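The chain contents come next:
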Amino acid sequence: MSDVQTVKAVAKYIRMSPHKVRRVLNQIRGRSYQEALMILEFLPYDAGGPVWQAVHSAAANATNNYSLDKKKLIIEEAFADEGPKLKRIRPRAQGRAYRILKPTCHITIVVKGTA
């Protein structure tokens, strides 16, 4: 039996396109917890903020619920799923209306660490 524990955190209904969030998640997948936080802090993308919160939350879950050491955590999985779209209307000429779809996403971070 392996001595590896996985812990997950999900940030739901983030008001950002999943495509933009995945660009950031690809940078941190497979890295250590501390290295991922340093990368996220200095990335020029707005998606870095919500991803940083999710990574921080996953590490907090691992520490509080499973007594794992933050220094030994590795980001095993990181993915962004599509959430519901907020539907808005843009008035146009001659009584028409165009739809504006504002995307949301759910960010899931899974960290693993040895007990």
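Each remark here, short or long, concerns the structure printed above.
A brief look at the structure comes next.

Definitions and cut-offs
Residues numbered from 1 in each chain as written. Predicted model: local features only at pLDDT ≥ 70, side-chain atom pairs only at ≥ 80, totals over all residues. Heavy atoms only, no water. Buried < 20%, exposed > 50% of the residue type's maximum accessible area, 1.4 Å probe, protein only. Helix = DSSP H or I, 4+ residues; strand = E, 2+ residues; numbered from the N terminus. Arc of directions from axis to C-beta. Contact = heavy atoms within 4.5 Å. Core = buried A, V, L, I, M, F, W, Y, C linked by side-chain atoms within 4.5 Å. Salt bridge = Lys/Arg side-chain N within 4 Å of Asp/Glu carboxyl O. Axes fitted to C-alpha atoms, helices over the stretch in contact; angles between N-to-C directions. Parallel < 35°, antiparallel > 145°, perpendicular 65-115°, else oblique. Left-handed = near helix turned anticlockwise from the far one by under 90°. Nonpolar A, V, L, I, M, F, W, Y, C, P; charged D, E, K, R; others polar.

Some words on helix H2 (residues 33-42)
Argument step 1. Within the sequence span of H2, burial applies to Tyr33, Ala36, Leu37 and Leu40. Viewed along the axis of H2, the buried residues span an arc of 100 degrees, placing them on a single side of the element. Turned more than 90 degrees from where H2 packs its buried face, Met38 and Phe42 sit exposed.
Argument step 2. In the core, the buried residues of H2 are packed alongside helix H1 (18-28), helix H3 (48-66) and strand E2 (74-82).

So, the nonpolar core
Argument step 1. In this structure, Val21, Leu25, Val51, Val55, Ile107 and Ile109 are the most contacted members of the largest nonpolar core, which totals 30 residues.
Argument step 2. Contributions of two or more residues to this core are made by strand E1 (4-14), H1, H2, H3, E2 and strand E5 (105-114).
Argument step 3. Here the element with the most residues in this core is H3; it accounts for six residues.
Argument step 4. Ignoring sequence-local partners within four residues, the contact set of Val21 consists of Met16, Ala47, Val51, Ala80, Cys105 and Ile107.

Some points on the pattern of salt bridges
Argument step 1. In the structure shown here, the tally under the stated rule is two salt bridges.
Argument step 2. One salt bridge connects Arg31 with Glu35, and the closest N-O pair in it is separated by 2.9 Å.
Argument step 3. The partly exposed category is assigned to Arg31, whose relative accessible area is 32%.
Argument step 4. Looking at Glu35, the relative accessible area reads 32%, which means it is partly exposed.
Argument step 5. The partner of Lys85 in a salt bridge is Glu82, with the nearest N and O atoms 2.9 Å apart.

A look at the packing of H1 against H3
Argument step 1. Here H1 crosses H3 at 50 degrees, and the two axes come no closer than 9 Å. Classified by the angle their axes make, H1 and H3 are oblique. The two elements H1 and H3 meet at a crossing, and its hand is right-handed. Taking contact as the criterion, the partners of Val21, Val24, Leu25 and Ile28 in H1 are, on H3, Gly48, Val51 and Val55.
Argument step 2. Of the residues in the contact of H1 with H3, the class split is six nonpolar, one polar and no charged.

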